[in-house]
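Coordinate analysis (summary)
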Amino acid sequence: MRLKELRERCGMTQKDLAAMVGVSRKTISAYERGRATPSLRVALRLAEVFGVRLEELFKEDRVWRGF
C-alpha cells in the first residue's frame with residue numbers, strides 16, 4: 001500500500017489524513033505499517049483524498065524475480 005508515500009507527498013500528517021477519512025491517527029499508522037487493511041469505504045475515501053484510483057493506492061513497486 002502506497003499510503004505513506006502519498007500522504008508525505010501531499011505534506012499531510014497522519015492526524016490530518018485521519019481527520020479527512022474519519023479514522024484515528026493510530027489506524028492510519030497501522031495501515032502504513034501493514035498491520036491493518038482499510039475497509040472498502042475507507043479505501044475509497046483515501047483514493048478520493050489523494051486523487052488516485054483504488055488500484056493505485058494499493059499498488060506496490062515490487063519487481064517479480066520469478067522462481
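The structure we're discussing is the one just above.
Now for a look at the structure at hand. A quick note: this is a predicted structure, and the numbers were derived from the prediction, not measured. (Residues numbered from 1 in each chain as written. Predicted model: local features only at pLDDT ≥ 70, side-chain atom pairs only at ≥ 80, totals over all residues. Heavy atoms only, no water.)

Comments concerning the side chain of Arg2
- By the secondary structure assignment, Arg2 is in the segment before α1 (3–9).
- Contact partners of Arg2, with chain neighbours within four places excluded, come to Arg9, Glu56, Leu57 and Lys59. (Helix = DSSP H or I, 4+ residues; strand = E, 2+ residues; numbered from the N terminus. Contact = heavy atoms within 4.5 Å.)

Re helix α2 (residues 14–21)
- All buried positions along α2 are accounted for by Gln14, Leu17, Ala18 and Val21. Each buried residue of α2 lies within a common arc of 105° when the element is viewed along its axis, so the set occupies one face. Opposite the packed face of α2, turned more than 90 degrees from it, sit the exposed residues Lys15 and Ala19. (Buried < 20%, exposed > 50% of the residue type's maximum accessible area, 1.4 Å probe, protein only. Arc of directions from axis to C-beta.)

Focus: the packing of α2 against helix α3 (residues 25–32)
- Viewed as axis vectors pointing N to C, α2 and α3 meet at an angle of 105°, and their least axial separation amounts to 8 Å. By the angle between their axes, α2 is roughly perpendicular relative to α3. Touching Gln14, Lys15, Leu17, Ala18 and Val21 of α2 are Arg25, Ile28, Ser29 and Glu32, all from α3.
- Looking at the contact of α2 with α3 residue by residue, the classes come out as four nonpolar, two polar and three charged. (Axes fitted to C-alpha atoms, helices over the stretch in contact; angles between N-to-C directions. Parallel < 35°, antiparallel > 145°, perpendicular 65-115°, else oblique. Nonpolar A, V, L, I, M, F, W, Y, C, P; charged D, E, K, R; others polar.)

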